[in-house]
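# Fold and contact review
Chain residues, written in single-letter form:
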Amino acid sequence: MKVFALAIVVCLHLTTTHAAKYTALQFGQNPKSYIKAVPDLSPMEKAFSVCSWVKRGSNHHSYPESQYWFSYSFVDRGQIHISGAARTFLFDNPVSYSKPELTIGIWNHICVAWDYTSQRARVFYNGEIIGTRSTGRTLGLDSNGTLALGQLYQDGFMKDCCYFGGELYDTNLYSTKLSAIEVKEMYTQGLCSNYSQTFGENIHLRWKDILALEGRHGNVTNVQLQECESDDEDDDDGSDDEDGDGSDDEDGDGSDDEDGDGSDDEDGDG
């Protein structure tokens, strides 16, 4: 009986892991489709990175750079706002950046990183730094705020003007400021890689946690990534390789490098 119960637990775990592996979130083309949650972000108060693969669905806003996929605010103070064009506001201030080409229906990788020690933020687009800003004497992230995915949440309200209307995949919240090398590697390894999951305790909210968030509104649906299906079939070869990369390397980077940046630098700052 115990063996049977264990088999059920293992089966459920594998099913959940596989379901999250290549499942994206699709947001409807309307201002009422979003996820609203109140997660505990206290581990991210002094350092954080927000990274995701982002696919814009349209240019419905008169200023398309203002279609936000990530928004986090505390009461009347904006904390982190990131649009599908990588336009970023931190602590109510814009981050100066070089605007990338606006694409529709194409996956791009966006990452925003900040820490209290340096008081500097960096915005990455497809592995390259496109924006930086000094945040002055900011004390840190207010950790009891409201998180919105697929919409801009500001001053206690959803802003109908600025909904996202696209797809997200592999959105992760880290309690550390990722280095330029790490973000570059995350982009280089590609949409179907598991590199984003190799940062151990520094991952505060993993993609599987994002998929499990309650508070979905409107038309927010799970969709399978067609781009990764062939990779998944190749990995299903009946071997004992747990992460499907054909090796015994647990973190999937092919080395003993603990922080995944390709060097012996343990804090990943280059």
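Definitions and limits used
- All chains use their own residue numbering, which begins from 1 and follows the written sequence.
- In keeping with the model being predicted, local features are shown solely for residues with a pLDDT of at least 70 and side-chain atom pairs are shown and tallied solely at 80 or more, while totals for entire chains, interfaces and linings include all residues.
- Side-chain metrics in this entry use all non-hydrogen atoms of the structure; hydrogen atoms and water are not considered.
- When accessible area is computed with a 1.4 Å probe and restricted to protein chains, residues below 20% of their type maximum are described as buried, those above 50% as exposed, and intermediate ones as partly exposed.
- Strands here mean DSSP runs of E at least two residues long; helices mean DSSP runs of H or I at least four residues long; both are numbered from the N terminus.
- The arc in question is formed by the directions pointing from the helix axis toward the C-beta atoms.
- The contact criterion used throughout is that any non-hydrogen atoms of two residues lie within 4.5 Å.
- Side-chain atoms within 4.5 Å are what join buried Ala, Val, Leu, Ile, Met, Phe, Trp, Tyr and Cys residues into a set we call a nonpolar core.
- Two strands qualify as a pair provided DSSP detects at least 2 bridges between them.
- Per-residue confidence from the prediction method is given by pLDDT, with values spanning 0 to 100.
- By definition, a salt bridge exists where a carboxyl oxygen of Asp or Glu is found within 4 Å of a side-chain nitrogen of Lys or Arg.

Turning our attention to helix α2 (residues 180–189). Among all positions of α2, only E182, V183 and M186 are buried. Relative to the axis of α2, the buried residues are bounded by an arc of 100° and lie together on one face. Along its buried surface, α2 packs onto β3 (47–55), β9 (107–115), β10 (120–125) and β15 (167–174). Count one or two residues on from α2 and you reach G190, which has phi positive near 95°.

One recurring pattern in soluble globular proteins is that nonpolar side chains are buried together. Among the nonpolar cores identified, the biggest contains 45 residues, and F48, W69, F70, I80, L90 and Y169 are the most heavily contacted of them. What I80 contacts, discounting residues up to four positions off in sequence, is F48, V50, F70, S71, Y72, F89, L90 and L141. Of all hydrophobic cores here, the second largest spans eleven residues; its members include C51, C111, V183 and M186.

Let's shift gears to the pairing of strand β12 (residues 146–149). Residues of β12 alternate between two faces, with T146 and A148 on one and L147 and L149 on the opposite face, all of them buried. Pairing of strand β2 (residues 34–37) with β12 involves three bridges; the strand directions are antiparallel. Bridge pairing links I35 to L149 in β12. Pairing between strand β4 (residues 68–74) and β12: four bridges, direction antiparallel. Each residue of the ladder has a partner; that of F70, found in β12, is L149.

This next bit is on the environment of I129. Within the secondary structure layout, I129 lies in strand β11 (residues 128–134). C-alpha separation for the pair I129 and V112, spaced 17 residues apart in sequence, amounts to 9.5 Å.

A separate point is the confidence of the model for the protein. Mean pLDDT over the protein works out to 84, with 77% of the residues at or above the 70 mark. Below a pLDDT of 50 lies the segment residues 1–19, which in the model reaches two contacts outside its immediate sequence neighbourhood of four places, other chains included. In the predicted structure, residues 237–248 sits below a pLDDT of 50 and forms nine contacts with residues beyond four places in sequence or in another chain.

The next thing to look at is the pattern of salt bridges. Any two side chains of opposite charge can pair, on the condition that their charged atoms come close. Applying the stated criterion across every chain yields a total of seven salt bridges. Salt-bridge contacts for E167 lead to K55; the nearest nitrogen and oxygen are separated by 4.0 Å. In this pair, E167 is assigned in strand β15 and K55 in strand β3, connecting sequence segments 112 residues apart. With respect to class, E167 is no different from K55; both count as buried. Put simply, E128 and K184 hold a salt bridge, and the shortest N to O gap is 2.5 Å.

Let's shift gears to the sheet that holds strand β7 (residues 93–94). Spatially, seven strands are ordered β7-β6-β5-β4-β12-β2-β17 in an open sheet, and the strand pairing comes out antiparallel. Strands at the two margins of the open sheet, each flanked by one partner only, are β7 and β17 (216–217).

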